[in-house]
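Here are the chains, one letter per residue:
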Amino acid sequence: KNNALKSNSSLLSQRSSCSSHGRVCVSPVLVAQQRNNSTSPKIDVEFDQSTGVAVMRMQSPPVNSLSLDFLTEFCIGVEKLEMDKGCRGLIITSNQPKVFSAGLDIMEMYGKSPERCGEFWRAVQEMWLKLYSSNMVTIAAINGSSPAGGCLMSMTCDYRIMADNPRYSIGLNETQLGIVAPFWFKDTMVNTVGHRTTEMALELGLLYNPSEALKIGLVDQLVPEDQVLTTAAQAMTKWLAIPDHARQITKSMMRKPTVDKLTSNREADIQNFVSFITKDSIQKSLRMYLEMLKKRRA
Amino acid sequence: KNNALKSNSSLLSQRSSCSSHGRVCVSPVLVAQQRNNSTSPKIDVEFDQSTGVAVMRMQSPPVNSLSLDFLTEFCIGVEKLEMDKGCRGLIITSNQPKVFSAGLDIMEMYGKSPERCGEFWRAVQEMWLKLYSSNMVTIAAINGSSPAGGCLMSMTCDYRIMADNPRYSIGLNETQLGIVAPFWFKDTMVNTVGHRTTEMALELGLLYNPSEALKIGLVDQLVPEDQVLTTAAQAMTKWLAIPDHARQITKSMMRKPTVDKLTSNREADIQNFVSFITKDSIQKSLRMYLEMLKKRRA
Amino acid sequence: KNNALKSNSSLLSQRSSCSSHGRVCVSPVLVAQQRNNSTSPKIDVEFDQSTGVAVMRMQSPPVNSLSLDFLTEFCIGVEKLEMDKGCRGLIITSNQPKVFSAGLDIMEMYGKSPERCGEFWRAVQEMWLKLYSSNMVTIAAINGSSPAGGCLMSMTCDYRIMADNPRYSIGLNETQLGIVAPFWFKDTMVNTVGHRTTEMALELGLLYNPSEALKIGLVDQLVPEDQVLTTAAQAMTKWLAIPDHARQITKSMMRKPTVDKLTSNREADIQNFVSFITKDSIQKSLRMYLEMLKKRRA
């Protein structure tokens, strides 16, 4: 009954993948990148045709960092599901222990050429655009820590269920590393928890434990860790009871202004990121952070 | 002491009723419609000159559905009070048992000509514009269920008191019927309960019981059913203690951007509604919903 | 170790004090005004170079009213600190018993020429612009009541700690006096407590006691009165642990749209204030309010 679709770049490489109705193109950059990727799949996609629900399991050891390769594979995976009319819902979760996603891969920002940094940032934008404007019902089954880009990914979903483990945390903690969440990370958080909570969370780079995250509305529900995925499936049933067309128009009405802000400023946002991240002072901050991480592990 | 004003279309039919200062015109369409309406009054208006407070009781059996006739009478009633300098406050409540208002009359959207659908939608806009930008203090005394358009009407008021009866519910549940709340319903709800709560409420078409509604801020106060109206009168006294001009300027500052969005897109919004509601697929959804209602009654 | 800087207008009078990077000019009006001010300092500034934190104590008896003289001295004090690269944090508190600041000085609005009213309003704008867009971490140590302009000043800060004394209150209560909080007071409050809470607070001119203020998010933390300042210092340490550049860019991203709304409408806002406040009806309201205050004291 289950029809496991493994991501395969060749499926996409032969055709123009632009689609109408608010969906976003897979950029040539992403497709090209994907071709060069010959490692094992970073994402496992299991699509159940009988329910119309797909489960994406992130499995990029050790912590599902959002590298360019990962993001490319992820976006192609989402796009395939988006274009499959039988797929109405998407549950995103992690196959790695203790972590949902550690967020943007710092190695993609440290010591890289401006061109490569730009490619990377375009892929981050792509992930956000695809998820935040998805016509599918999207549910984040957050079964581990979810800082920075991991938190962003969670916030794009329609519903967030988190494992009630006080060791896990979630938040946009960019400032703690000396970097800055861009305006569309900020917009997504304002849409989720409001202006004041976002202001304090972003300025202090706050990470919240699950009960704090529930209290401010950063996640919608807490359950024991072993029930995250089954609860997500139950919630999905409730969401899919609503007629798709009415739900999709409503979702677009809520999110389109925020999506349009990035789509109409995409190149400037890339330029801005590249010129910021390639600064000597920022590169120095990242080096110090990486060295701190190394020492922690040792 | 009480000076009961019954709505009478002839009072308005002879003059141009456009007024300045942010008030909205009674459109010729509404006045024409009102002339054809020869049934008993759907609204009872009781104005107490000594307090400056009017009480509007909706009494359109069985469930105060917002039909074109009802809306026309309602708007004329509100406009009369608005133009009476002695009237400073308006309490809106229901004379029907168990229901405040069941919302838009589905019979106005099912099997009707595009012209008629457009007339109806203009009347819905008119009700919202009149209430949301009223110079009077408006208090909703919600003594029964208040789905869809009933919830919208409640949200336009300055203050909402609901009967604490767990059988009653309130919310914008349009998606459950396969239809979509337009942007100004959405804007009103965002202004009331914030972006994230609105997103989930609208996508799922959620109806809240009174204590849930209080928790998310959809209503301001719960009281036992037999105290709804007296509590509304007490709250009104508090609101009327504030100098009118300062309160009115402040209210306009808070609401004008939202009102302007509709007034500058009114015809396009009507066009959009008509083309959506007259679609075969939507008409089919409505037919199924109406048949479901019939079966329930039988 | 502590380096107490007393405000001294002559330090600023010789140079053009416009600065780049989002900081706001000290207008010639303010500097001219300051020259004429020969009374004792209304603000005590204590700057600890070892911590990078300055404490501003408002000491304008009896209630730290925001007069033109006070605002001029205050703005010059803030600007000096802003331009001192060693100063990273600012704590604002009161040296007067029971009151943080009573807000705008009504005597500046009653019986004054339009020119003088305009000068005064420009100084109120200046205070808000300087504080709301400050690059320093700003913490309000609210050790007494803080109505109207005092509440505005508090809301401009990054963090608000209030003395947990039920006799103290905070809020924008302008409508209770028959006057109106302008759009940028409103915007600041919406950014702090959201749209609906602001709507009701401003229309009714609500003053909240400390626990109510905490509940709606108007203040962030309550502590016993004798711990307000030490708690502020502890909170400051936490804020200063974040790299300045990342925090400053983030703060600007959150606040710039609100700041830009005033900077691009500054003259119109002054004009609007002057024409409103010099109306006979408003002057009469203020006279009644002042007489009421006199009777209370007698």
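Sequence order as written defines the numbering, with residues in each chain counted from 1. For naming, the first written chain is A and the first written ligand is 1, with later ones following in the order written. Local features are withheld for residues below a pLDDT of 70 in this predicted model, meaning they are given only at 70 or higher, and side-chain atom pairs are given and counted only at 80 or more; totals for whole chains, interfaces and linings count all residues. Heavy atoms from the whole structure form the basis of all side-chain values; hydrogens and water molecules are not counted.

Per an unreviewed UniProt entry, chain A carries the name Enoyl-CoA delta isomerase 1, mitochondrial and comes from Sander lucioperca. UniProt positions are given in the numbering used here, feature names are shortened, and annotations may be inferred rather than shown by experiment. The record in UniProt for chain A states the following under Function (unreviewed entry): "Key enzyme of fatty acid beta-oxidation. Able to isomerize both 3-cis (3Z) and 3-trans (3E) double bonds into the 2-trans (2E) form in a range of enoyl-CoA species, with a preference for (3Z)-enoyl-CoAs over (3E)-enoyl-CoAs. The catalytic efficiency of this enzyme is not affected by the fatty acyl chain length." As recorded by UniProt, the Subunit (unreviewed entry) comment attached to chain A reads in full: "Homotrimer."

Q: Even after reading the chapter, I still don't get the interface of chain C and chain A, so can you show me in this structure?
A: Much of the literature gives interface size as the accessible area that the parts lose upon coming together. Between two residues, a contact is recorded if the distance between any of their heavy atoms is within 4.5 Å. Opposite the 20 residues of chain C that make contact, chain A presents 20 residues. Buried area: the sum, over both parts, of the accessible surface (1.4 Å probe) that disappears when the two are put together. At the boundary of chain C with chain A, total buried surface from both sides reaches about 1700 Å², with 67% on carbon and sulfur atoms. Salt bridges, as used here, are contacts in which a Lys or Arg side-chain nitrogen is within 4 Å of a carboxyl oxygen on Asp or Glu. Remark: the boundary between chain C and chain A carries 2 salt bridges. Note that Asp220 of chain C is salt-bridged to Arg196 of chain A, the shortest N-O span being 2.8 Å. Polar contact is defined as a pair of N or O atoms within 3.5 Å, subject to the rule that within protein one atom must be able to donate a hydrogen and the other to accept it, and that residues adjacent in sequence are counted only when both atoms are side-chain atoms. The interface formed by chain C and chain A contains 7 residue pairs in polar contact (both at pLDDT 80 or more). Listing elements by their share of the side of chain C that touches chain A, those giving two or more residues are β9 (159-163), α6 (183-193), α9 (228-240) and α10 (244-263) of chain C. Every helix listed is a DSSP run of H or I at least four residues long, and every strand listed is a run of E at least two residues long, numbered separately from the N terminus. With 9 residues, the top contributor of residues to the side of chain C that touches chain A is α10 of chain C. Each residue belonging to the side of chain C that touches chain A can be placed in one class, and the counts come to 9 nonpolar, 4 polar and 7 charged. Only Asp, Glu, Lys and Arg are considered charged, only Ala, Val, Leu, Ile, Met, Phe, Trp, Tyr, Cys and Pro nonpolar, and every remaining residue, Gly among them, polar.

Q: Looking at this model, I keep getting lost on the pairing of strand β3 (residues 53-58) of chain B. Mind explaining?
A: Residue and element names in this part refer to chain B. Judged by how many residues are buried, β3 sits mostly within the fold: 6 of 6 residues are covered. Think of it in three bands: residues with accessible area under 20% of the maximum for their type are buried, residues over 50% are exposed, and the middle band is partly exposed, with areas taken using a 1.4 Å probe on protein chains only. Alternating residues of β3 divide into Val53, Val55 and Arg57 and Ala54, Met56 and Met58, and every residue in both groups is buried. Of the strand pairs in this sheet, strand β2 (residues 43-48) and β3 are connected by 6 bridges, and their pairing is antiparallel. Residue pairing in the sheet places Asp48 in a bridge with Val53 of β3. The pairing criterion for strands is at least two bridges between them, as found by DSSP. Joining the antiparallel neighbours β2 and β3 is a turn of 4 residues, in which Gly52 adopts a positive phi near 75 degrees. Examined bridge by bridge, β3 and strand β5 (residues 89-94) share 6 bridges and lie parallel to one another. Looking across to β5, one finds that Arg57 is bridged to Thr93.

Q: In this structure, what is going on with the nonpolar core? I would like to understand it.
A: A general tendency of soluble globular proteins is for nonpolar side chains to be buried together. Side-chain atoms within 4.5 Å link the members of a nonpolar core, which is a set of buried Ala, Val, Leu, Ile, Met, Phe, Trp, Tyr and Cys residues. Core analysis: the biggest nonpolar cluster contains 182 residues, and Phe74, Ile139 and Met153 of chain A together with Phe74, Ile139 and Met153 of chain C have the highest contact counts within it. Once you skip the residues sitting within four places of it in the chain, Phe74 of chain C turns out to touch Ile43, Met56, Met58, Ile92, Met127, Leu131 and Met153 of chain C. By size, the runner-up hydrophobic cluster in this structure holds 91 residues, among which are Leu71, Ile161, Val180 and Leu202 of chain B.

Q: Help me understand the relation of the copies chain B and chain C in this model?
A: The pair of chain copies shares a relation made of a rotation about an axis and a shift along it. C-alpha atoms of residues with pLDDT of at least 70 in both copies form the basis for the least-squares superposition of the copies. Between the two copies, chain B and chain C, the superposition gives an RMSD of 0.0 Å; the rotation angle is 120 degrees and the shift along the axis is 0.0 Å. Taken together, the rotation angle and the small translation identify this as a three-fold axis. In terms of proximity to the rotation axis, the leading residue of chain B is Gly194 of chain B, whose C-alpha is 4.3 Å off the axis.

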